[in-house]
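# Architecture at a glance
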Amino acid sequence: MKIYLDGKLVEKEDAKISVFDHGLLYGDGIFEGIRAYNGRVFRLKEHLDRLWSSAKAINIKIPIQQKDMEKAVIKTLLTNKLCDAYIRLVVTRGSGDLGLDPKKCITSPSIIIITDNISLYPEELYEKGMDVITVSTRRIKQDSLSPNIKSLNYLNNILAKMEAIRSGVMEAIMLNAEGYVVECTGDNIFLMKNGVLYTPPGSEGALMGITRDAVIELAKNKLKIPVREERISMYNVYTSDECFLTGTAAEIIPVVSADSREIADGKPGKTTVKLIKEFRNLTRLTGTPIK
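Since the model is a prediction, treat every value here as computed from it, not as a measurement.

### As for the environment of Thr 79
Within the secondary structure, Thr 79 sits in helix H3 (residues 66–79). Along the backbone, Thr 79 and Ala 250 are 171 residues apart, and their C-alpha atoms lie at a distance of 25 Å. Not counting chain neighbours up to four residues away, the residues in contact with Thr 79 comprise Lys 2 and Leu 9.

Here's what the structure looks like:
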């Protein structure tokens, strides 16, 4: 496996950065998770747009142009002979001293591109649905740290994931300080109720996911389902007709119970199944060609 590191493709074992890089010391950096399907990179421009937005928000100047980053992603995939892959794109602050001051970082931000395979959940969960719980770890308030900055510091999400695993499930619903549903540890959440698709708005602290946006478009344009971005309580989750999660790594996965409460009949809903089919078609047929 070759890793793209600061303009060069190096062996996995040689892909190294300084221990003084602030990405390592403080989580001071940003990332994107991207997928390639059937020889195409799905929504690459949207992911790169979000990466550049995250960089601007924390005042990191990415040392190459966006079009060159696109070429670097494609080159890394071609070198590793991957047509279907998970792509992790990382930009760190760069190396400095042991203090917090980013102005003391003396090197340019590092760019890392890893292309590999990923399987976030077992395949059987996509067919039978998964169980989730709510956790005590609350989502960081958006007036403290915007959820739309995909920073390297994911400790908030990791702590919630640990709670889920200790409880014997693979995913957890995170609430905000007011007790409303925000998202899961790595996925956005959707509910179906009386023919309407609901998802928390960004104002509740949810990341505006790329897969989330794709699902909203499919629901509106393909399935002609009305979509509302509204506040969601756990009562709404418990009493929903269907529930599913979305994310780049997770894609679309049904949820059949929350906090030991069966959702509807405890099986993946019809609309969820339709959206999974439409999403898989979309990923196979659209995207930036790997060539």
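So much for the structure itself; the text now carries on.
### Observations regarding the packing of aromatic side chains
Counted according to the given criterion, the structure contains 4 aromatic pairs. Pairing Phe 42 with Phe 279 gives two aromatic rings, centres 5.6 Å apart and planes at 85°, and the pair type is edge-to-face. Placement of the pair is Phe 42 in the loop between strand S4 (40–41) and helix H2 (44–57) and Phe 279 in helix H8 (residues 270–285), with a sequence separation of 237 residues. Comparing Phe 42 with Phe 279, the two get one shared label, buried. Measuring from ring centre to ring centre gives 5.1 Å for Phe 190 and Phe 244, while their planes differ by 10°; the resulting arrangement is stacked. Separated by 54 residues along the polypeptide, Phe 190 in strand S10 (residues 188–193) and Phe 244 in strand S13 (residues 242–247) bring together distant segments of the chain. Take Phe 190 and Phe 244: they sit in the same class, and that class is buried. Aromatic ring contacts, followed pair by pair, group Tyr 37, Phe 42 and Phe 279 into a single cluster. Geometry around Tyr 238 places Arg 261 over its ring, the cationic atom sitting 4.2 Å from the centre.

### Here we look at the domain arrangement of the chain
The domain architecture assigned to the chain consists of domain 1 (2–116) and domain 2 (123–285). Averaged C-alpha coordinates put domain 1 and domain 2 at centres separated by 27 Å. Each partner contributes residues to the interface: domain 1 has 25 residues there, and domain 2 has 22 residues. Taking both partners together, domain 1 and domain 2 bury about 1900 Å²; carbon and sulfur atoms supply 61% of that area. A per-residue breakdown of the area domain 1 buries against domain 2 is headed by Phe 31, Arg 43 and Arg 50, which together make up 31% of the total. In this assembly, domain 1 and domain 2 are joined by 2 salt bridges. With a closest N to O distance of 2.8 Å, Glu 217 and Arg 43 form a salt bridge. One can count 11 residue pairs in polar contact (both at pLDDT 80 or more) joining domain 1 with domain 2.

### A closer look at the packing of H2 against H3
In the contact formed by H2 and H3, the axes pass within 11 Å of each other and the chain directions differ by 125°. With respect to their mutual orientation, H2 and H3 come out oblique. Both H2 and H3 take part in a crossing whose hand is right-handed. Listed contacts from H3 to Leu 44, Lys 45, Leu 48, Asp 49, Leu 51 and Trp 52 of H2 are Gln 66, Met 69, Glu 70 and Val 73. Residue classes in the contact of H2 with H3 are distributed as 6 nonpolar, 1 polar and 3 charged.

Procedures and definitions
- Residues numbered from 1 in each chain as written.
- Predicted model: local features only at pLDDT ≥ 70, side-chain atom pairs only at ≥ 80, totals over all residues.
- Heavy atoms only, no water.
- Helix = DSSP H or I, 4+ residues; strand = E, 2+ residues; numbered from the N terminus.
- Contact = heavy atoms within 4.5 Å.
- Phe/Tyr/Trp six-rings, centres within 6.5 Å; stacked < 30°, edge-to-face > 60°.
- Buried < 20%, exposed > 50% of the residue type's maximum accessible area, 1.4 Å probe, protein only.
- Lys NZ or Arg CZ within 6 Å of the ring centre and 35° of its normal.
- Domains from an automatic or database assignment.
- Buried area = accessible area lost by both parts, 1.4 Å probe.
- Salt bridge = Lys/Arg side-chain N within 4 Å of Asp/Glu carboxyl O.
- Polar contact = N/O pair within 3.5 Å; in protein donor to acceptor, adjacent residues only side chain to side chain.
- Axes fitted to C-alpha atoms, helices over the stretch in contact; angles between N-to-C directions.
- Parallel < 35°, antiparallel > 145°, perpendicular 65-115°, else oblique.
- Left-handed = near helix turned anticlockwise from the far one by under 90°.
- Nonpolar A, V, L, I, M, F, W, Y, C, P; charged D, E, K, R; others polar.

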